[in-house]
Structure formats: structure tokens, C-alpha cells
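# An overview of the molecular structure
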Amino acid sequence: MTPVYSICMCNYNMARTLEQAVTSVAAQLDDRFEIVLVDDGSSDNSVPIMRNLASQYSSIRIVPLKRDRNRKLGETRNISIREARGYYCLLHLDCDDVWDPHIVAWIEVFHQIEAAVGGDVLIAGRQIHMAQRDLLLRHGPYPNIFRGEDRNMYRHFSALGILWFLEHEVFRTRLSYPKSKYYHRAISHTIDHMTNDFRGGSRLGSYILSEMVQTTERASRLILFRLSLLPISWLLAKFKPPIQPGLGAKGFSEYREKHRGTFSDLMRRYNRAPDWSRLPASSRPIFDR
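Residues numbered from 1 in each chain as written. Predicted model: local features only at pLDDT ≥ 70, side-chain atom pairs only at ≥ 80, totals over all residues. Heavy atoms only, no water.

The next subject is the overall build of the protein chain. When helices and strands are counted, the protein chain shows 12 helices and 10 strands. Across the 289 residues in the protein chain, those meeting the buried criterion constitute 49%. The long-range fraction of contacts in the protein chain, counting pairs at least 24 apart against all pairs at least 6 apart in sequence, stands at 77%. Put simply, the protein chain has 40 plus and 31 minus side-chain charges, and the middle of one group is 6 Å from the middle of the other. (Helix = DSSP H or I, 4+ residues; strand = E, 2+ residues; numbered from the N terminus. Buried < 20%, exposed > 50% of the residue type's maximum accessible area, 1.4 Å probe, protein only. Contact = heavy atoms within 4.5 Å. Lys, Arg positive; Asp, Glu negative; His and termini not counted. Charge placed at Lys NZ, Arg CZ, Asp CG, Glu CD.)

Encoded structure:
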């Protein structure tokens, strides 16, 4: 049976969290789904764990890759989309996250918004994104970078006016890392993300202002941490090729503010009312903010 939905998951050396993360997703699914589990050439125990998971869940299909240091997360995500057999792809369900049982309800919300829009749409939720596979192939790919790959590709979708941001309660839990790895990961990932923002056209002054504006949303200690990493990120970007976005940083920010909202907000834009009866009672509070 050809799946309707492909859940695209990318793994690299996440053996410590892999089983818990994938099981939390697979346990929610019926025969309309497949999980495309791409391994990016792991050197830990990831592949045997994947094979064991595939023996337990028929929805899992493993795509093992040989390690290529030039291939970053963005390109691995592209491979997962190309390998998908479903009509729709669900993205950014990562192998260090545990998901509460609301994925099918999120898909129902997607379809109601999709029907209200009446055309192509990519919906970016809280760490879960979805679109038709064909749409992603036509208007992608992700740039071949490690962090910020989604933001840079989605600027192209914003320029086309087909990207919506769905506000809802987060229903996934990021699995913790040992403190020694956590701090190294936080620093390296933040620098990489900021560097790619600058490669995509962000300006230093505007970026600093943006960080300061977000002091109401972030703890002051986190703001200081991010500001301290800005100079090195800006310098690193000078030595790397630019990433051409569809919209510049300012345009993308303005677009996002105009195209974000709750389930009810987005339906109201098209004079439609959400059909809450199609969602399980346990999932409705996730989307009824």
C-alpha cells in the first residue's frame, strides 16, 4: 500500500536517543504512514538500533548513507524528501525528540487549513512542518548547511506567499544531553545558526536590534549569551559563500508576522470555522490557544 504521509527523520550518531524518539512517533501511526529514517553515516550503534525498530514497526524504512563530511543536515533532509513515497511529507521530527500522541491531530488541522486556503501550502508548526512532497521538490531544496536550513529555504516559500506559521502548544520534549555535551552543542549550534543567517543577508546592526527586541521573550542571560557569539558568527560568514534567500531577513520577519496565528486565526482569515469535532478531545487543547 502506497503511504499518504511520509515522516522524514534524519539521524547522525543519536544512538542514545534514537529508539525513544522513533518509538514515540511510530506508536501513533496507522497504515497511511511511513517513517523514512535516513542515517547520515553514523559511527555509533545507530544502524543496529534502526534495524531493530524496523523489525517492530512495518512503517519504518531505513535509508543508510555513507558518511560525507561535505553533506550537511540540509542536504540530508533533501534526501529524506526525495526518498519519501507519500503524497505529503512531515519534517523536523528529529531523533532526539519524544512526541506526545497528537501528530495525527496536527495533520487534521493542516488539512482543514489547506482546504480553507484552497491551494498549495507549507505549514510550519512548533517543531513540526508539513507540505505536499511535490511542492517541496518544486520550491526547495534546503541549502546544504547544518543550522538554519529551514529558515533559509522557507524564505523562498514566503516569496511565493504559500507559507503559514501555525501557533500551538509544543507537544514534543527534547531529550537532554550530558552537561559537557550540552554546552558545547549550544555554543556550536548557535554560532552555526547565526553564521548562516548572515550568509543569508542579515546585517549585524539589524541582528543586534532583533536580539534586543526579543528580550521580552527570552531570558536576559540567554540574550547576553547570544550577543556574545554574534561577532565571531559575523566574521565566519565573511569567509563562506552567501546563501541567496527568497526574501531578505527584514522581509521574512514581516511576512512571518502577517502569516502566523492559531488554528482559529488562520481559518478565520478565510471565513471558515475550525471543525473541532474532527480532533480527539485530548488534542484540542494543543490547538485551542
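This next bit is on the sheet that holds strand S6 (residues 122-124). Taken in spatial order, the eight strands line up as S3-S2-S1-S4-S7-S6-S8-S10 in an open sheet, and their pairing is mixed. Single-partner strands in this sheet number two, and they are strand S3 (60-64) and strand S10 (260-261). In the sheet, strand S8 (residues 163-166) pairs with S10 via two bridges, with the strands oriented parallel. The residue bridging Phe165 from the neighbouring strand is Arg260, located in S10. (Pairing = 2+ DSSP bridges.)

Counting buried positions along strand S1 (residues 5-11) yields seven of seven residues, so the element is predominantly enclosed. The side-chain alternation of S1 yields two buried faces, one formed by Tyr5, Ile7, Met9 and Asn11 and the other by Ser6, Cys8 and Cys10. Pairing of S1 with strand S2 (residues 33-39) involves seven bridges; the strand directions are parallel. When the sheet's bridge partners are listed, Tyr5 is paired in S2 with Phe33.

The subject of this paragraph is the pattern of salt bridges. Counted by the stated rule, this structure contains 17 salt bridges. Among the salt bridges present, the one from Asp30 reaches Arg32, with a minimum N-O distance of 3.0 Å. Judged by relative accessible area, Asp30 falls into the partly exposed class, the value being 34%. The class of Arg32 is partly exposed, set by a relative accessible area of 29%. Among the charged side chains, a salt-bridge network with shared partners connects Asp96, Asp97, Arg172 and Arg174. (Salt bridge = Lys/Arg side-chain N within 4 Å of Asp/Glu carboxyl O.)

Between its terminal C-alpha atoms helix H1 (residues 15-26) stretches 17 Å, which fits the 16 Å expected from 12 residues at 1.5 Å a residue. Those residues of H1 that fall on the buried side of the exposure criterion are Thr17, Leu18, Ala21, Val22, Ser24, Val25 and Ala26. Along its buried surface, H1 packs onto S1, S2, helix H2 (46-56), S3, strand S5 (97-99) and helix H4 (103-117). (Expected span 1.5 Å × (residues − 1).)

Our next topic: the side chain of Asp97. Looking at where Asp97 falls in the secondary structure, it is placed in strand S5. With a relative accessible area of 0%, Asp97 lands in the buried category. A polar side-chain atom of Asp97 sits 3.4 Å from a polar atom in the side chain of Arg172. Every residue in contact with Asp97, bar those within four places of it in the chain, is listed here: Ala21, Ser24, Arg172, Thr173 and Arg174. (Polar contact = N/O pair within 3.5 Å; in protein donor to acceptor, adjacent residues only side chain to side chain.)

With that settled, consider the state of the cysteines. Applying the stated criterion to the full structure yields zero disulfides. No disulfide involves Cys10; its nearest neighbouring cysteine sulfur is the one of Cys8, lying 7.3 Å away. As a non-bridged cysteine, Cys89 has Cys8 as the owner of its nearest cysteine sulfur, 4.1 Å distant. Take Cys89: its relative accessible area is 0%, and that puts it in the buried class. (Disulfide = S-S within 2.5 Å.)

Within the fold, Ala115 resides in helix H4. Measuring from C-alpha to C-alpha, the distance between Ala115 and Ser264 comes to 14 Å, with 149 residues separating the pair along the chain.

For the pair H1 and H2, interaxial distance at closest approach is 9 Å and the crossing angle is 20°. One way to sum up the angle between H1 and H2 is to call them roughly parallel. Taken as a pair, H1 and H2 cross one another with a handedness that is right-handed. Residues Ala15, Leu18, Glu19, Val22 and Thr23 of H1 form the contact with H2, whose participating residues are Ser46, Ile49, Met50, Asn52 and Leu53. Each residue belonging to the contact of H1 with H2 can be placed in one class, and the counts come to six nonpolar, three polar and one charged. (Axes fitted to C-alpha atoms, helices over the stretch in contact; angles between N-to-C directions. Parallel < 35°, antiparallel > 145°, perpendicular 65-115°, else oblique. Left-handed = near helix turned anticlockwise from the far one by under 90°. Nonpolar A, V, L, I, M, F, W, Y, C, P; charged D, E, K, R; others polar.)

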